[in-house]
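Here is how the chains run, residue by residue.
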Amino acid sequence: MAGGSSSGTPWRVGVLFSQSGVTAAIERSQLNATLLAIDEINAAGGVNGRPIEPVMHDPASNPKRYAELGEALIDRDGVRVIFGCYMSSTRKALLPVVEARNGLLFYSTLYEGFEYSPRCIYSGAAPNQNALPLLKYLLEAHGNRFLLVGSNYVFPYESNRVMSDLVVSAKGRVLNEIYIPLEPGEKDFERFVREVRKHEPDVIFSTVVGAGTAQLYQAYREAGFDPARMPIASLTTSEAEIAQMEPGDAEGHITSAPFFESLTTSSARSFVSAFKLKYGHSAPVAASAEAAYFQVHLFARALASADTDAPEALLDALKGSEYDAPQGRVKIEPENNHTYLWPKIGRVGADGAFEIVWAPPVGIKPDPYFLSPSIDDWSSLAFESRRA
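Residues numbered from 1 in each chain as written. Predicted model: local features only at pLDDT ≥ 70, side-chain atom pairs only at ≥ 80, totals over all residues. Heavy atoms only, no water.

Caption draft 1: Structural context of the pairing of strand β7 (residues 173–180). One ladder, built from seven bridges, connects strand β6 (residues 145–151) with β7; its direction is parallel. Its bridge partner lying in β7, F146 is registered against V174. (Pairing = 2+ DSSP bridges. Helix = DSSP H or I, 4+ residues; strand = E, 2+ residues; numbered from the N terminus.)

Caption draft 2: Highlighting the side chain of S117. Positionally, S117 belongs in the loop between β4 (104–107) and β5 (120–122). For S117, a relative accessible area of 1% gives the class buried. Side-chain polar atoms of S117 contact the side chain of E99, separated by 2.6 Å. Setting aside chain neighbours within four positions, we find S117 in contact with L95, E99, Y122 and N337. (Buried < 20%, exposed > 50% of the residue type's maximum accessible area, 1.4 Å probe, protein only. Polar contact = N/O pair within 3.5 Å; in protein donor to acceptor, adjacent residues only side chain to side chain. Contact = heavy atoms within 4.5 Å.)

Caption draft 3: Just the pattern of salt bridges, in detail. For the coordinates displayed, the defined rule picks out 17 salt bridges. Linking E68 and R65 is a salt bridge whose minimum nitrogen-to-oxygen distance equals 2.9 Å. Taken together, the residues E68 and R65, both in helix α2 (residues 63–75) and three residues apart, mark about one turn of the helix. Under the relative-accessibility criterion, E68 is labelled partly exposed at 32%. Relative accessible area serves as the criterion here: at 34%, R65 is assigned to the partly exposed category. Between D249 and R221 there is a salt bridge whose closest N-O contact spans 3.1 Å. Pair noted here: D249 is in the loop between α8 (239–242) and β10 (254–257) and R221 is in helix α7 (residues 212–222), with a separation of 28 residues, a long-range link. For R221, a relative accessible area of 43% puts it in the partly exposed group. (Salt bridge = Lys/Arg side-chain N within 4 Å of Asp/Glu carboxyl O.)

Caption draft 4: Layout of the packing of aromatic side chains. Across all of its chains, the model carries 14 aromatic pairs by this definition. With centroids separated by 5.1 Å and ring planes inclined at 55 degrees, the aromatic side chains of F275 and Y279 adopt a geometry described as tilted. Taken together, the positions of F275 and Y279, both in helix α9 (residues 266–279) and four residues apart, correspond to about one turn of that helix. Given a relative accessible area of 25%, Y279 falls into the partly exposed group. Here the aromatic residues F259, F271, F275, Y279 and Y293 are joined through ring pairs into a cluster of three or more. Looking at R50, its charged tip hangs above the ring of W11, at a distance of 3.6 Å from the centre. (Phe/Tyr/Trp six-rings, centres within 6.5 Å; stacked < 30°, edge-to-face > 60°. Lys NZ or Arg CZ within 6 Å of the ring centre and 35° of its normal.)

Caption draft 5: Representation of the sheet that holds β5 in the model. Pairing is parallel in the open sheet, where five strands are placed in the order β2-β1-β3-β4-β5. Every other strand in the sheet has two partners, leaving β2 (52–57) and β5 as the edge strands with one partner each. With direction set aside, neighbouring strand axes in the sheet form an average angle of 25 degrees. Of the pairings in the sheet, the one linking strand β1 (residues 11–16) to strand β3 (residues 81–84) comprises three bridges and is parallel in character. (Axes fitted to C-alpha atoms, helices over the stretch in contact; angles between N-to-C directions.)

Caption draft 6: Focus on the sheet that holds β10. Within the open sheet, the seven strands sit side by side as β7-β6-β8-β9-β10-β14-β15. Their pairing is mixed. Each edge of the open sheet is held by one strand with a lone partner, namely β7 and β15 (354–358). On average, each strand axis in the sheet is inclined to that of its neighbour by 25 degrees, with strand direction left out of account. Sheet topology places strand β8 (residues 203–207) next to strand β9 (residues 232–234); three bridges connect them, and they run parallel. By the bridge assignment for β9, F205 is matched with A233. Contacting β6, β7 and β8, helix α6 (residues 190–199) runs over the sheet at an angle of about 170 degrees to β7. The sheet contacts of α7 involve β6, β8 and β9, and relative to β9 the element is tilted by about 165 degrees.

Caption draft 7: Geometry of the confidence of the model for the chain. Averaged over all residues, the pLDDT of the chain is 93; the fraction at 70 or higher stands at 94%. Counted against residues more than four places away or in other chains, residues 384–388, with its pLDDT under 50, gives 22 contacts. (pLDDT = per-residue confidence, 0-100.)

If you want it as structure tokens, here you go:
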């Protein structure tokens, strides 16, 4: 589709979020948020009088299927822009397809950093926007002896490398690293329990994703460990994963993210209310869903300005663009296509909701290559100090 002023013809976009497979719970929240934003835009008249039409497929949490479906969307369905992916392995499978066909991918998940693609907009947190604030909080509140546990794929390995470097630079200790299968069984957590008993760390840093998350927290609780003394601290445990757990399993544990469903700002409440009105009161609203939501609105503004879905024109319009997202005002950094975000640290309460226990006073510039890796000085990374 060439774009331009073809009155009434829909703007077609690809949507690749898994509705089955190991990461279905979190990706379903991203899909829901994407469709909510599209509904809002279309209800307001669409973009330049034309509705946005999502072309959706279920990649089933399988990297190979992301690549295959990306090819189909661009080659067969005439789509130029794709919203999708959760795991880094799926992003890395899809990006070469998008790049080879001069398309554009919007990626709404936190990730390990150290990447730039001119054909990708990264609206999830880079490590300096979640791992760095988390470490700062943990060092002050809990201690510097860390045990690392993750799922067996690229994001946990790379995130644990980053966290290990940060811990060591802060004169802390990494006691061990443990990896479990993406689709683990009960026995896969026995080593985790043994290592916790052996080392008694100050903090357990988790990059376990998908269905294994609930099993990890269940194993921790059944072992009788105390989250007040050695909490699980995570970048990947969100409201979507907690919804899969038994009541109380996540209580007292910690997550770093730019958005939590419990935020009380007017923009956050409006977003959460609209989400639950559409998908049900029990539908979880996670940080990756919030990013999926605001990136569609950023896309729509760029599309209105360019009046074409040609990725080159969209990228020109997106660079430096801003939007009052539910978490606060966000901005696309022209130098690296990542997004200024508002980090927060949340602790899970008895009701399963996150209580915000700490947040930097400013929005943080994306620094995916850690060019300014200071633990204490936020000034060089700051966005304007205002929230939506």
